[in-house]
Number of protein chains: 6
Amino acid sequence: MRSTITRREIFNSAHRLFKPELSDEENIKLFGKCAYPNYHGHNYELHVTLTGDIDPYTGFVYDIADLKKIINEEVIEPFDHRNLNLDTTEFSALNPTVENICVVIYQKLRPRIDSKFDLKIRVYETIRNYSEFPV
Amino acid sequence: MRSTITRREIFNSAHRLFKPELSDEENIKLFGKCAYPNYHGHNYELHVTLTGDIDPYTGFVYDIADLKKIINEEVIEPFDHRNLNLDTTEFSALNPTVENICVVIYQKLRPRIDSKFDLKIRVYETIRNYSEFPV
Amino acid sequence: MRSTITRREIFNSAHRLFKPELSDEENIKLFGKCAYPNYHGHNYELHVTLTGDIDPYTGFVYDIADLKKIINEEVIEPFDHRNLNLDTTEFSALNPTVENICVVIYQKLRPRIDSKFDLKIRVYETIRNYSEFPV
Amino acid sequence: MRSTITRREIFNSAHRLFKPELSDEENIKLFGKCAYPNYHGHNYELHVTLTGDIDPYTGFVYDIADLKKIINEEVIEPFDHRNLNLDTTEFSALNPTVENICVVIYQKLRPRIDSKFDLKIRVYETIRNYSEFPV
Amino acid sequence: MRSTITRREIFNSAHRLFKPELSDEENIKLFGKCAYPNYHGHNYELHVTLTGDIDPYTGFVYDIADLKKIINEEVIEPFDHRNLNLDTTEFSALNPTVENICVVIYQKLRPRIDSKFDLKIRVYETIRNYSEFPV
Amino acid sequence: MRSTITRREIFNSAHRLFKPELSDEENIKLFGKCAYPNYHGHNYELHVTLTGDIDPYTGFVYDIADLKKIINEEVIEPFDHRNLNLDTTEFSALNPTVENICVVIYQKLRPRIDSKFDLKIRVYETIRNYSEFPV
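This structure is a prediction, so every number in the text was calculated from the model and none was measured.

Draft legend 1. Quick look at the pairing of strand 2 (residues 40-53) of chain F. Residues and elements named next belong to chain F. With twelve of its 14 residues buried, strand 2 lies for the most part within the structure. Inspection of the sheet shows strand 1 (residues 2-15) paired to strand 2 by 14 bridges, in the antiparallel sense. Counted as the bridge partner of R2 is D53 from strand 2. In this structure, strand 2 lies alongside strand 3 (residues 118-126), joined through seven bridges in antiparallel fashion. Each residue of the ladder has a partner; that of V48, found in strand 3, is I121.

Written out as structure tokens, the structure reads:
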């Protein structure tokens, strides 16, 4: 009985999209308002989906309390109420687009979850924009 | 023209996660607050997705009024305002985790829907936890 | 500068509406499906609103971390994952309608919050029904 | 690094489901209240999902500002605050079911988006009914 | 114990804002896209709030099943899947703005609800615009 | 016929709560994670409510297109994708708590709206915290 379980969490972070080698004008041309120099921010909504067999004893694909703990350690603690560009190593040289945030969260969670489970990440930057990884 | 149609319905039920052979303490260790003996409950949100060809005459994959009627008979009537552990045969010996609720709803709806349609179930236990079956 | 701050919390509980002196039939006539004997449940959404002066130093009407702690002690701990009829003294002889749940939460929180703040409670039983107290 | 980006947009339109060769009675039998002759309407919610490689320079799968502009030209301008049956060529002879609306939006957007990107459309007619194309 | 109970219902209708004595151009200048001649539509979300004493026996301000029935007869039956301008007497000569829809629903429900209850109507035309009456 | 019309808008901003005369430790003690030095951010949701007489000719309390334009000029342009502490004069020396953000938006909009209309501001910082001004 292969099934999924998804856990939703929230983190509130500042970020900015820009390339350091470009001028402010060039960055705004490329990234629009997301390039404004002093950062803006979002209430990011994260969905972590695990796919695996339902344990016939417990009825769980994965213990949601364990999943919550892992997400908290890998994502909420380092990202929540932080500036993604300034406060994290992952985005110090990588643009924190919603696509890249998905990939980074996947890379952080993947080693913490037994490989017998498929892992999928969805992040909503706003109610109007979201990304999924992997596809 | 293969497409999907999804119908969302709600049911409000009590449930409890536990194994009868375990002590209260052991159940709480395994299932956390979900094992509390006198039941708690949820506003379950159910998404039923059918995949099939769009009927070129009506423009429907499936008549949503028919789908609503089937969901009502198979899920809402037996589960809504009921105790899943005590009032249903399906969960009398099966833990009503959100994963198992998905599987049971799938098994109840599958014989009622022509096999030319794929069927997928998603159930939200809360806004923070949901499951899908099959994958 | 008089303003409000509202905190939203969730608790998942079982309940049942009934009068012990009535038969099952009479209870169902009076309370509909809410009277079914083995309980059902809801994801209750609670909004606690405090009205008071904005502290000119902090910019807070009330420290939201303190409010969260009080709500947790008075509401979430005793009600979440519990059966309101069986597990609480407040509803042992009082019907846990959404109106009464509002009043009870008000009565539990009022002594914990300085009387210079007005206090208002809103509880959503489902997305379709909610109550406020006081008016 | 293959990933997705989804953009959500809204359009408010009138529509009616019917077959011109049928009587009013027959149409209501086939399409229910959706066949009422003077039209009704919805706040349609559109999700447009592109799948492709993340550009290693920008961190984008697709520039969301470009996607917004294309959706605006192809969907919002012609459909928003319009009568789908009367004001559009696409639905002048095709029933504007939510399934067909998905297909039509796909057909309008597909030529505007480089074929290296996969394109998927989801339309919510109401919070209770939605469709996806292709599957 | 004075409290409130609110019931939420949905109706899907077509409408158009215009003055018959004005030209199409003048109407669009005054009402924007809402004046387009062939109608558009919305998923209207209605909140009906009654304020009164909590009945000490039932715990209800008002029986929600009765309220639902009244709303159905006065609002859902005549407005849902209808064209507000063409299919209703109330809006045959009155612009169906969200403000006027609130007033009309108030006037239809007020005689059906005992005057010992205060009545308040809120209507969401979209997630971005809503009105309340009376204030 | 006195009624209200509410317009919802969104702005995405960075902010930080702190007192410059306090140490980092003291600020974190007072403001928790909101004091982290490199800013975090939110998708702020703004509700602007005007109360006034319904114009018997148009059916409007206030032309929503005019209201949208004023909100855009006074709030969205200066605050959206900006750092409230660094990029605005209003919060250069005032803590951008959700309570103060409400007051500041009120003070910016009040002179732009005829005094015959009452004005009320609600701001959601997250889905869990919101404020209203005036009360």
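From this point, the discussion proceeds with the structure in view.
Draft legend 2. Main features of the environment of Y62 of chain E. Along the polypeptide, Y62 of chain E turns up in the loop between strand 2 (40-53) and helix 2 (64-79). As a C-alpha pair, Y62 of chain E and L50 of chain E span twelve residues in sequence and 7.6 Å in three-dimensional space.

Draft legend 3. Summary view of the sheet that holds strand 1 of chain F. Taken in spatial order, the twelve strands line up as 1(C)-2(C)-3(C)-4(C)-1(E)-2(E)-3(E)-4(E)-1(F)-2(F)-3(F)-4(F) and close into a barrel, and their pairing is antiparallel. In this sheet, neighbouring strand axes are inclined to one another by 25° on average, regardless of whether the strands run parallel or antiparallel. Here strand 3 (residues 118-126) of chain C pairs with strand 4 (residues 129-133) of chain C via five bridges, running antiparallel. Each residue of the ladder has a partner; that of Y124 of chain C, found in strand 4 of chain C, is Y130 of chain C. Of the strands in this sheet, strand 1 (2-15) and strand 2 (40-53) of chain C together with strand 4 (129-133) of chain F are in contact with helix 2 (residues 64-79) of chain C, which crosses strand 1 of chain C at around 20°. Most of the contacts of helix 4 (residues 98-109) of chain E go to strand 3 (residues 118-126) of chain E, to which it runs at about 145°, and overall it touches strand 1 (2-15), strand 2, strand 3 and strand 4 (129-133) of chain E together with strand 1 of chain F.

Draft legend 4. Looking closely at the relation of the copies chain A and chain F. Expressed as a screw transformation, the operator carrying chain A onto chain F has a rotation angle of 180° and an axial translation of 0.0 Å, and the superposed copies differ by an RMSD of 0.0 Å. Taken together, the rotation angle and the small translation identify this as a two-fold axis. Residue by residue, 100% of the interface of chain A is reproduced at the interface of chain F, so both copies engage with the same surface.

Draft legend 5. Here's a closer look at the side chain of N100 of chain B. By the element assignment, N100 of chain B lies in helix 4 (residues 98-109). Sequence-distant contacts of N100 of chain B, that is, excluding residues within four places in its chain, are made with I54 and G59 of chain A together with F91, L94 and N95 of chain B.

Draft legend 6. Up close: the side chain of N95 of chain C. With respect to the element layout, N95 of chain C can be found in the loop between helix 3 (84-87) and helix 4 (98-109). Judged by its relative accessible area of 7%, N95 of chain C is buried. For N95 of chain C, the contacting residues outside a window of four places in its chain are R16, L17, F18, K19, F31 and N100 of chain C together with Y57 and T58 of chain E.

Draft legend 7. Broad picture of the packing of aromatic side chains. Counted according to the given criterion, the structure contains 42 aromatic pairs over all chains. Measuring from centroid to centroid gives 5.7 Å for F31 of chain E and F60 of chain F, while their planes differ by 65°, and the two rings are edge-to-face. With F31 of chain E in helix 1 (residues 24-31) and F60 of chain F in the loop between strand 2 and helix 2 (64-79), this pair bridges two chains. Note on accessibility: F31 of chain E and F60 of chain F belong to one class, buried. An aromatic cluster is defined as three or more aromatic residues linked by ring pairs; in this entry it consists of F11, Y44, F79 and F91 of chain A.

Draft legend 8. Just the packing of helix 2 (residues 64-79) of chain D against helix 4 (residues 98-109) of chain D, in detail. All names here are of chain D. Here helix 2 crosses helix 4 at 135°, and the two axes come no closer than 10 Å. The pairing of helix 2 with helix 4 is recorded here as oblique in orientation. Where helix 2 crosses over helix 4, the handedness of that crossing is right-handed. Residue-level contacts link I70, I71, E74, V75, P78 and F79 of helix 2 to V104, I105, K108 and L109 of helix 4.

What counts, and at which threshold
- Within every chain, residues take consecutive numbers counted from 1 along the sequence as written.
- Each chain is given a letter, starting from A, and each ligand a number, starting from 1, according to the order in which they appear as written.
- For this predicted model, a pLDDT threshold of at least 70 governs which residues receive local features, and a threshold of 80 or more governs which side-chain atom pairs are given and counted, while totals over whole chains, interfaces and linings are taken from all residues.
- Side-chain numbers come from the whole structure's heavy atoms, not from hydrogens or water.
- The cut-offs for exposure are 20% and 50% of the maximum accessible area for each residue type, with area from a 1.4 Å probe on protein chains only; residues under the lower value are buried, those over the upper are exposed, and the others partly exposed.
- By definition, any uninterrupted DSSP run of H or I lasting at least four residues is a helix, any uninterrupted run of E lasting at least two residues is a strand, and each is numbered from the N terminus.
- Here the rule is simple: two strands pair whenever DSSP picks up at least two bridges between them.
- Every angle, taken between N-to-C directions, lies between 0 and 180 degrees, and every axis is a line fitted to C-alpha atoms, over only the stretch in contact when it is a helix.
- Contact definition: two residues touch when any of their heavy atoms are within 4.5 Å.
- Fitting of the copies onto one another was done by least squares over C-alpha atoms, counting residues only where both copies have pLDDT of at least 70.
- The criterion for an aromatic pair is that two Phe, Tyr or Trp rings (for Trp, the six-membered ring) have centres within 6.5 Å, with stacked assigned to planes under 30 degrees apart, edge-to-face to planes over 60 apart and tilted to the rest.
- Relative orientations are named as follows: roughly parallel for angles under 35 degrees, roughly antiparallel for angles over 145 degrees, roughly perpendicular for angles from 65 to 115 degrees, and oblique for any other angle.
- Note: crossing handedness is left-handed where the near helix turns anticlockwise from the far helix by less than a right angle, and right-handed where it turns clockwise.

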